[in-house]
Amino acid sequence: MILQKDKNILNNSRGAESVTYSAVATMENSGNYTCKVELGRVSKTITVNVVVAELFSKPILLISKKDLDEGTYVANSGVYDCRAETKGIIKKSDPLPIHVYSPVSKPHVIFTEGAVLGRPFVLRCYSKNGTLPITYTLYRENITIGQTEVEKDVPAEFKDTATKEHVQGEYKCEAKNGHSKKSQSNGFNITVIRSFPIEFNFFKENEAHSLHRVTENKNYATTWHKPGLTSQDAGKYFCIADNSAKSQLRSNPAIIKIILASWKKWLIALFVVLVLLGLGGAFWWYFKKKTKAKGSSMELDGSMPPNNSMGEKLTLGMNNKGELYYGSGYKEEGENHVKSKEDNKGPDLENTEVEYTEVEVAIPDSYRGCDSHLPIES
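Residues numbered from 1 in each chain as written. Predicted model: local features only at pLDDT ≥ 70, side-chain atom pairs only at ≥ 80, totals over all residues. Heavy atoms only, no water.

Novice: Please clarify how the pattern of salt bridges should be interpreted in this entry.
Specialist: Pairing between side chains of opposite charge can happen when their charged atoms approach one another. Here the structure, examined in full by the defined rule, presents 7 salt bridges. For K58, the salt bridge goes to D94, with nearest N and O atoms at 3.3 Å. Here K58, found in the loop between β4 (42-50) and β5 (67-69), pairs with D94, found in the loop between β8 (89-92) and β9 (96-101); they are 36 residues apart in sequence, far enough to count as distant. (Salt bridge = Lys/Arg side-chain N within 4 Å of Asp/Glu carboxyl O. Helix = DSSP H or I, 4+ residues; strand = E, 2+ residues; numbered from the N terminus.)

In structure tokens form, the structure reads like this:
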């Protein structure tokens with residue numbers, strides 16, 4: 001057995017003959033009540049519509065405005081409601097939040113950075129006192145620059161762009177919260193910094209010190225000429241520009257490659273050729289000297305006086321007819337004598353093999369016209 005209101009089950013029982021539900025009647029108790037009985041596969045239901053007569057309505061809490069000026073206390077902020085009771089019946093109103101605000105103090109404009117012509121800059125507005133949240137509005141000569149609500153005790157930030165040179169205009173900041181009173185700052189003038197003077201510094205990547213520094217008072221660009229470049233100067237270079245706004249800007253890196261001049265390439269090539277020629281000449285001189293020394297040794301061996309078959313040294317002689325002979329001669333009364341084969345004592349030379357040797361002989365000047373290469377029989 002089940003008892004329910006709409007789709008909500010109020011009570012149920014198993015094996016009992018009845019089911020009961022009781023409550024203090026309120027307007028919320030009005031509705032359709034259903035009793036359902038099940039036995040096996042058989043079920044029966046009955047629905048009754050109950051209307052609760054209202055003795056009195058739910059109270060409503062009203063207030064002139066939810067945001068109140070501080071006349072009571074800020075600590076009185078909170079959520080309020082009211083209750084009505086009669087004959088044990090209590091009814092409560094819907095909750096009503098109430099905020100009590102302390103007024104904002106006079107705001108002031110904070111400007112810590114320089115304003116550079118054509119670039120954005122930041123202004124801050126802040127009230128030291130006042131119940132949060134506080135809404136700040138920034139004006140420039142009665143033109144609204146921006147509005148923002150701050151829920152923490154921090155300044156509100158606004159951005160503007162410097163469009164005029166020297167005096168940008170007068171800025172004012174307004175602060176307000178739930179209090180009926182709002183407050184405005186004094187006027188604040190901003191002087192726009194012109195770009196000049198600009199300081200340029202040139203750097204090489206991975207090197208902390210400046211390679212070149214120049215200050216420009218008229219030009220937005222500068223040039224650096226570096227003489228005497230070497231291969232060590234290759235790499236990436238960049239420059240940094242800065243002025244009195246102290247907002248540095250860095251250029252994109254430029255890759256510098258060092259290439260030898262054409263005349264230097266030719267000079268190096270000529271030097272290499274000269275070195276190779278010098279080495280070649282040294283090797284040629286060395287081998288020629290070695291070959292010449294070997295040839296001189298062979299010539300010396302060939303110019304030695306020949307021996308006859310008896311082992312005797314053959315000497316060069318000249319007869320009265322001016323003829324030259326080699327032989328084991330002797331000298332007698334100013335004449336040169338040469339022994340013949342028949343006069344030589346020794347073994348039989350008939351079967352001895354004849355050898356011819358070409359010998360270079362030094363001849364007196366009177367015989368210079370003669371052939372100095374003579375066949376000699378030994």
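Novice: Can you walk me through a nonpolar patch on the surface in this structure?
Specialist: Together, I268, F271, V272, V275, L276, L279, F283, W284, W285, Y286 and F287 give the surface a local cluster of nonpolar side chains, amounting to about 1200 Å² of exposed area. Checked against the element boundaries, L279 lands in helix α1 (residues 262-302). Taking the relative accessible area as the measure of exposure, L279 reaches 47% and is therefore partly exposed. (Patch = residues over 30% accessible without salt bridge, like charges linked within 9 Å, V, L, I, M, F, W, Y side chains within 5 Å. Areas by Shrake-Rupley, 256 points an atom, 1.4 Å probe, with all protein chains shown as cover. Buried < 20%, exposed > 50% of the residue type's maximum accessible area, 1.4 Å probe, protein only.)

Novice: Before we go on, may I ask you to explain the pairing of strand β12 (residues 120-126) in this structure?
Specialist: Look at any regular strand and the pattern is simple: side chains alternate between the two faces of the sheet. Of all 7 residues in β12, 5 are buried, a share of seventy percent or more. Sheet topology places strand β10 (residues 108-110) next to β12; 3 bridges connect them, and they run antiparallel. Residue pairing for β12: V109 is matched across the bridge by C125. As paired strands, β12 and strand β15 (residues 156-161) are joined by 6 bridges and run antiparallel to one another. Across the sheet, residue V122 finds its bridge partner in β15, namely K159. (Pairing = 2+ DSSP bridges.)

Novice: Is there a simple way to think about the sheet that holds strand β1 (residues 2-5) in this case?
Specialist: Neighbouring strands of a sheet are bound in pairs by backbone hydrogen bonds; such pairs are parallel or else antiparallel. Read across the sheet, 4 strands follow the order β2-β1-β3-β4 without closing on themselves; strand pairing throughout is antiparallel. The open sheet terminates on both sides in strands that have one partner only, identified here as β2 (8-12) and β4. For this sheet, the mean angle separating the axes of adjacent strands, direction not counted, is 20°. For β1 and β2, the ladder comprises 4 bridges, and the chain directions are antiparallel. What sits directly across from L3, in β2, is N11. (Axes fitted to C-alpha atoms, helices over the stretch in contact; angles between N-to-C directions.)

Novice: Please clarify how the environment of F238 should be interpreted in this entry.
Specialist: Here F238 is to be found in strand β21 (residues 235-242). F238 gets classed as buried once you look at its relative accessible area, which sits at 10%. Expressed as a C-alpha distance, the spacing of F238 and A254, which sit 16 residues apart in the sequence, is 6.2 Å.

Novice: Could you clarify how one ought to interpret the nonpolar core in this entry?
Specialist: It is characteristic of soluble globular proteins that their nonpolar side chains tend to be buried jointly. By size, the foremost hydrophobic cluster in this structure holds 19 residues, and its most contacted members are F121, L123 and Y136. Taken together, the elements giving at least two residues each to this core come down to β12, β13 (134-140), β15, β16 (166-176) and β18 (188-193). Element by element, the count of residues in this core is highest for β12, at 4 residues. Among residues more than four places away in sequence, those in contact with L123 are V109, I110, F111, L138, A156, E157, F158, Y171 and I190. (Core = buried A, V, L, I, M, F, W, Y, C linked by side-chain atoms within 4.5 Å. Contact = heavy atoms within 4.5 Å.)

Novice: What am I meant to see in the packing of aromatic side chains here?
Specialist: By convention here, two paired aromatic rings are described through the distance between centres and the angle between planes. In total, this model carries 7 aromatic pairs according to the counting rule given. Seen in terms of ring centroids, F111 and F188 are 6.2 Å apart; in terms of plane orientation they differ by 65°. Their pairing is edge-to-face. Remark: F188 occurs in strand β18 and F111 occurs in the loop between β10 and β11 (115-116); sequence separation between them is 77 residues. Centroid distance F202 to W224: 5.4 Å. Interplanar angle 45°. Geometry classified as tilted. (Phe/Tyr/Trp six-rings, centres within 6.5 Å; stacked < 30°, edge-to-face > 60°.)

Novice: Sorry, what's going on with the environment of D233 here?
Specialist: Relative to the assigned elements, D233 resides in the loop between β20 (212-216) and β21. Given a relative accessible area of 13%, D233 falls into the buried group. Spatially, the C-alpha atom of D233 lies 7.3 Å from that of I258, the residues being 25 residues apart in sequence.

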